[in-house]
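# Examining the three-dimensional arrangement
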Amino acid sequence: MTKTFAPPKDHGEKTKESWPEVKGWPATQAAQTIAHERPDVAVEVLPPGSYVIPGYNGKRVRVHIDDSGNVSEIPKIG
């Protein structure tokens, strides 16, 4: 017997996929905000020059920071 699962109901709310408002914020504050808004994803804070394996992962948000520890790019799912 095959079971199928329906996707969660959309109650008119769009799931957040990017956080332009945190660009320039301290890394810790940005990571906490993202984790609070999307507890279903892993937040990775990456210092300048970090090597990352390319590829999309819908359960990940990468937060790139500058030498001062502030977010340097808009974090997004992937």
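Whatever comes next refers back to the structure up there.
Fair warning: this is a prediction, and the values are worked out from it, not measured in the lab.

Cut-offs and rules
Residues numbered from 1 in each chain as written. Predicted model: local features only at pLDDT ≥ 70, side-chain atom pairs only at ≥ 80, totals over all residues. Heavy atoms only, no water. Core = buried A, V, L, I, M, F, W, Y, C linked by side-chain atoms within 4.5 Å. Buried < 20%, exposed > 50% of the residue type's maximum accessible area, 1.4 Å probe, protein only. Helix = DSSP H or I, 4+ residues; strand = E, 2+ residues; numbered from the N terminus. Salt bridge = Lys/Arg side-chain N within 4 Å of Asp/Glu carboxyl O. Arc of directions from axis to C-beta. Contact = heavy atoms within 4.5 Å.

Grouped burial of nonpolar side chains is what soluble globular proteins tend to show. Listed in full, the 11 residues of the largest apolar core are Trp19, Val22, Ala27, Ala30, Ile34, Val41, Val61, Val63, Ile65, Val71 and Ile77. Of all the secondary structure elements, the ones that give two or more residues to this core are helix 1 (27-37) and strand 2 (60-64). The leading source of residues in this core is helix 1, at 3 residues.

All right, on to the pattern of salt bridges then. Counted under the stated rule, the structure contains 5 salt bridges. The network of salt bridges with common partners includes Lys16, Glu21 and Glu37.

Let's shift gears to helix 1. All of the buried residues in helix 1 are Ala27, Ala30, Ala31, Thr33 and Ile34. In a view along the axis of helix 1, the buried residues occupy a sector of 160°, so they form one face of it. In helix 1, the exposed residues that point more than 90 degrees away from the buried face are Thr28, Gln32 and His36. In the core, the buried residues of helix 1 are packed alongside strand 1 (42-46) and strand 2.

These results come straight from atomic positions and should not be treated as a statement about function.
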